[in-house]
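Examining the three-dimensional arrangement
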Amino acid sequence: MNYFNYKRRLSSETRIGDTPLGGGNPVRIQSMTNTNTNDTEASAEQVIRIVKAGADYVRLTAQGVREAENLRNIKDVVRTQGYNTPLIADIHFNPRAAEAAAKIVEKVRINPGNFVDRVKTFETFEYTDEEYAQEIEKIRAKLIPLLNICKEHKTAIRIGVNHGSLSDRIMSRYGDTPEGMVESCMEFLHICIAEEFRDIVISMKTSNTVVMSKAVRLLITRMEKEGLNFPLHLGVTEAGDGEDGRIKSAVGIGSLLSDGIGDTIRVSLSEDPEYEVPVARKLVAYIKQKENHPEIIAAPSDKFSPFSTDRRETYTVGNIGGDNLPVVISDRSEGNFEFNVHFLPDYLYVGKELPLGAPRAIPSIIDWEGWKGEKNTYPLFDKSNWEKIRGDDAAIKFLRLSYPELDDNIITLLKADKSIAIILSTNHINGVGEQRAFIHTLMNNNCDTPVIPNRRYEENETEDLQIKAAADFGTLYLDGFGNGIMLENQGSISLKNIDAYMFGILQASRIRTSKTEYISCPSCGRTLFDLQTTVALVKGATSHLKHLKIGVMGCIVNGPGEMADADYGYVGAEKGKISLYKRKNLIEKNIASEEAVERLVQLIKDNGDWMEPEN
């Protein structure tokens, strides 16, 4: 992989109806219905709405044989109305449903964590080598009949690993890790290859963007060692809705697309599925702009590993770098000092001089020429005046640079003066690659200066800015780079919103928490309650609890597993019934849905995690 220059990973091609995946084909877009698959009319109508929104594939859940067989009726309606978009069956826990669906649709998604294995128990099991081998044979016995049907009907398979539903067998040896996700996939992949079945797509999904990124990279490396290059489906599970869902998806998916990884994507939002498609299309189109960009020449640092979750080590200057949380710098150089009290920046860039209206409680960054040493203010230098830093005694000195401006003299200065923090700008079409090149160069020169990535956009639509900024900044943060964020925009989006997006990107990248994190699924035919309404109710009751992660999950497929990454969980148990979790522990079962939010609040109170909202 070239960290600095964009190029699509070349995968093998997988046949999926008339819309092949991988190889030289474009990145495909998909979404999933949330209707009851037994409701032919409603499901067909939603499939068509998703296709009209621009999807290349549409997935439907098939939790049982009855639902799987009704896919034929849905397909007939869709095809009769002139739509040939391939349909995909989503299977959990039921190999018989997979076999029925494989005779009808163009692709079947199976989950290695529950295709053969029982529902997760979170109990600790120990497997001898013989017992482990026996479990693999159980997989073969269930999988090979499906592969034979798929060969006969020219049906593709997605091996879809979910972090939240790894089997107890995998957990026993690998734990809840990216390595475990890869092994879960490879068990199934090896059986497919042995049976000479290669119409395969692979996904490694999780609500944790860091784990997702590392798992996909580990999988690619593992496949390359075995001479394999199957296409990849990308997605962040349980990303949520609104601003949070878009930012989190763009961080996770965008970071991999930026490296040329990914052949099809789904942006999973807790909204109507047709709203997912335009978001996915915007993300793919933005990354595609990098094709054939001017070459960025740099040497990768041997101190960097794409599989590590460690962050780059830097010195500390003030509250920047070291073990400090990444700082947020808000550009207020136009003199606007209205703030969202929930997302107050750590620093304000105020331009040429300190305005009278600037709040004195928030530190200000001022261009060096206009800086007069006022209390709680710091100078900003650039390449035109960087030598003036040597005689300056400010406690923190900011230096704005881009990669083309980095030379030996600058590096010598940075290594000698531990009071400097870099604001790293870029105008390159592949800004991610250029900013990476800057940081790798610092690492190659043993220079541990903290770096605050800075990007400028010209957007008037909030969604466009959320997607682009999250993909660009998120890629660096998932690399372990970046000691802050400075997002600037020339457009009609309010500065208060831009501040919120900066905090949201840091949280989605899992490096700074500033608000309650909601892990909520996108809804499908398995969902056992009105997900969008319920998410809104849960948020209304708990959004002031900024120290918590709360999961709102439609069913048990990923619910309990993803609860392990949340402090509290609200999971559909059966129609109109909810189960509540404290982390991965089931606390209350089958609560009436109209009482469940109140009981969730009480559970949080009983465990000492409740705080009364501020007026």
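Residues numbered from 1 in each chain as written. Predicted model: local features only at pLDDT ≥ 70, side-chain atom pairs only at ≥ 80, totals over all residues. Heavy atoms only, no water.

This is how it is decided: UniProt positions are given in the numbering used here, feature names are shortened, and annotations may be inferred rather than shown by experiment.
Looking at an unreviewed UniProt entry, the chain carries the name 4-hydroxy-3-methylbut-2-en-1-yl diphosphate synthase (flavodoxin), with the source organism given as Dysgonomonas gadei ATCC BAA-286. Annotation of the chain in UniProt includes, under Function (unreviewed entry), the sentence "Converts 2C-methyl-D-erythritol 2,4-cyclodiphosphate (ME-2,4cPP) into 1-hydroxy-2-methyl-2-(E)-butenyl 4-diphosphate." According to the UniProt record, the Sequence similarities (unreviewed entry) comment for the chain is "Belongs to the IspG family."

1. Some details on the overall build of the chain
Threshold: Think of it this way: any DSSP run of H or I at least four residues long counts as a helix, any run of E at least two long counts as a strand, and we number them from the N terminus. Two things to know: the radius of gyration comes from C-alpha atoms, and the globule rule equals 2.2 Å times the number of residues to the power 0.38. Between buried and exposed lies partly exposed: a residue is buried under 20% and exposed over 50% of the maximum accessible area for its type, with that area taken using a 1.4 Å probe on protein chains only. We call two residues in contact whenever any of their non-hydrogen atoms come within 4.5 Å of each other. Shrake-Rupley sampling with a 1.4 Å probe provides the accessible areas, and residues are treated as covered by the protein chains on show and by no other component. For the purpose of charge, His is not counted, nor are the chain termini; Lys and Arg are scored as positive and Asp and Glu as negative. In this description, the location of a charge corresponds to atom NZ of lysine, CZ of arginine, CG of aspartate or CD of glutamate.
When helices and strands are tallied, the chain shows 16 helices and 25 strands. Radius of gyration (C-alpha) of the chain: 25 Å, near the 25 Å computed for a compact globule of 615 residues. Here the C-alpha coordinates of the chain stretch approximately 75 × 55 × 55 Å along the principal axes. Here the chain, with 615 residues, has 62% of them falling under the buried criterion. In the chain, 67% of the contacts between residues at least 6 apart in sequence involve partners at least 24 apart. When the accessible surface of the chain is split by element, carbon and sulfur atoms take 45% of a total near 24000 Å². Counting 74 positive and 88 negative side-chain charges, the chain places the averaged centre of each group 2 Å from the other.

2. Regarding the nonpolar core
Worth spelling out the cut-off: Working definition of a nonpolar core: buried Ala, Val, Leu, Ile, Met, Phe, Trp, Tyr and Cys residues. They are joined through side-chain atoms within 4.5 Å. As annotated, the domain borders come from an automatic or database domain assignment.
Ranked by size, the top nonpolar core spans 110 residues in total, and within it Ile110, Leu143, Ile202, Met204 and Ile265 carry the most contacts. Tallying contributions element by element places helix H7 (residues 209-225) first for this core, with nine residues. Split by domain, the residues of this core number at least three in each of domain 1 (11-289) and domain 2 (327-509). Residues contacting Leu143, with those up to four places away along its chain left out, are Ile110, Phe115, Phe188, Ile191 and Cys192.

3. What about the side chain of Gln507?
Note that Gln507 resides in helix H13 (residues 495-508). On the basis of relative accessibility, which here comes to 7%, the residue Gln507 falls in the buried class. The residues touching Gln507, leaving out its near neighbours within four places in the chain, are Arg512, Thr513, Ser514, Lys515, Thr516 and Glu517.

4. Looking at the pattern of salt bridges
Close approach of charged atoms allows side chains with opposite charge to pair. Our working rule: We define a salt bridge as a side-chain nitrogen of Lys or Arg found within 4 Å of a carboxyl oxygen belonging to Asp or Glu.
Tallied over the full model, the rule gives 38 salt bridges. Note that Arg217 and Asp259 form a salt bridge whose closest N and O atoms lie 2.9 Å from each other. Remark: Asp259 occurs in the loop between helix H8 (242-257) and strand E10 (264-265) and Arg217 occurs in helix H7; sequence separation between them is 42 residues. Per residue, the accessibility class of Arg217 equals that of Asp259, and both read buried. Between Arg599 and Glu588 there is a salt bridge, with its nearest N and O atoms 2.6 Å apart. With Arg599 in helix H16 (residues 593-606) and Glu588 in strand E25 (residues 585-592), this pair connects stretches of sequence that are 11 residues apart. Look at Arg599 and you get partly exposed, because its relative accessible area is 31%. Of the residues examined, Glu588 reaches a relative accessible area of 23% and is grouped as partly exposed. Each member of the salt-bridge network shares a partner with another, and the members are Arg246, Glu271, Lys282, Glu463 and Asp464.

5. Focus on the side chain of Gln46
Relative to the elements of secondary structure, Gln46 occurs in helix H1 (residues 40-52). Not counting residues within four places of it along the chain, the set of residues in contact with Gln46 comprises Thr33, Asn34, Thr35, Pro273 and Glu274.

6. Some points on the pairing of strand E7 (residues 156-162)
Heads up, the condition is: In this scheme, strands are said to pair when DSSP sees at least two bridges between them.
With respect to burial, E7 is a largely interior element, seven of its seven residues being buried. Across the two faces of E7 the burial is the same, with Ala156, Arg158, Gly160 and Asn162 and Ile157, Ile159 and Val161 all buried. Pairing of strand E6 (residues 107-110) with E7, which is carried by four bridges, proceeds in the parallel orientation. Of the residues in E7, the one forming a bridge with Ile110 is Ile159. In this structure, E7 lies alongside strand E8 (residues 200-205), joined through six bridges in parallel fashion. What sits directly across from Ile157, in E8, is Ile200.

7. Some thoughts on the packing of aromatic side chains
Rule in force here: Each Phe, Tyr or Trp ring, with Trp reduced to its six-membered ring, pairs with another whose centre is within 6.5 Å; inter-plane angles below 30 degrees give stacked pairs, above 60 give edge-to-face pairs, and intermediate values give tilted ones.
Here the structure, examined in full by the defined rule, presents 10 aromatic pairs. Between Tyr127 and Tyr132, the aromatic rings sit 6.3 Å apart at their centres with planes inclined by 85°, giving edge-to-face as the arrangement. Tyr132 shares its class with Tyr127; the two are buried. Ring pairs connect the aromatic residues Tyr3, Phe4, Phe304 and Phe481, which therefore count as one cluster.

8. Some details on empty space enclosed by the protein
For the record, the criterion: Both site types are read off a 1 Å grid over the protein atoms alone. A 1.4 Å probe that fits but cannot get out defines a cavity, while an open set with protein on both sides within 12 Å along at least five of seven lines defines a pocket; lining residues have an atom within 4 Å of a point. Grid points are joined across faces, edges and corners, and a volume is the space filled by probe spheres set on the points.
Applying the stated rule across the entire model yields four cavities of 30 Å³ or more. Surrounding the second largest cavity, 11 residues form its lining, Asp244, Lys248, Gln507, Lys515 and Glu517 being those nearest its centre. Secondary structure elements with two or more residues in the lining of the second largest cavity: H8, H13 and strand E21 (517-520). Split by domain, the lining of the second largest cavity shows at least three residues from each of two domains, domain 1 (11-289) and domain 2 (327-509).

9. Here we look at the sheet that holds strand E5 (residues 87-90)
Threshold: To get an axis, a line is fitted to the C-alpha atoms, and for a helix only the part in contact is used. The angle between two axes follows their N-to-C directions and goes from 0 to 180 degrees.
Read around the closed barrel, eight strands run E3-E4-E5-E6-E7-E8-E9-E10, paired in parallel fashion. The pairing of strand E3 (residues 28-32) with E10 spans two bridges and is classified as parallel. In the strand pairing of E10, Arg28 is matched with Thr264. Packing against the sheet, H1 makes contact with E3, strand E4 (57-61) and E5, and its axis sits at approximately 150° to E4.

10. Quick word on helix H10 (residues 408-416)
Using the following cut-off: Think of the arc as the fan of directions from the helix axis to the C-beta atoms. Think of a polar contact as two N or O atoms within 3.5 Å of one another; within protein, one of them needs to be a possible hydrogen donor and the other a possible acceptor, and neighboring residues in sequence only count if both atoms come from side chains.
Looking only at H10, the buried set comprises Ile410, Ile411, Leu413 and Leu414. Across the axial projection of H10, the buried residues extend over an arc of 160°, all falling on one side. Across from the buried face of H10, at angles greater than 90 degrees, the exposed residues are Asp408, Thr412 and Ala416. Looking at the buried residues of H10, the elements they touch are strand E17 (397-401), strand E18 (420-424) and helix H11 (431-444). Of the residues flanking the start of H10, the one acting as N-cap is Asp407, its side-chain oxygen 3.1 Å from the backbone nitrogen of Asn409.

11. Quick look at the sheet that holds strand E13 (residues 327-331)
With respect to topology, eight strands assemble into a closed barrel ordered E13-E14-E15-E16-E17-E18-E19-E20, the strand pairing being parallel. For this sheet, the mean inter-axis angle between neighbouring strands, taken without regard to orientation, is 25°. Pairing of E17 with E18, which is carried by five bridges, proceeds in the parallel orientation. If you follow Leu399 over to E18, its bridge partner there is Ile422. On top of the sheet, H13 reaches E13 and strand E20 (484-489); it is set at about 145° to E20, its chief contact.

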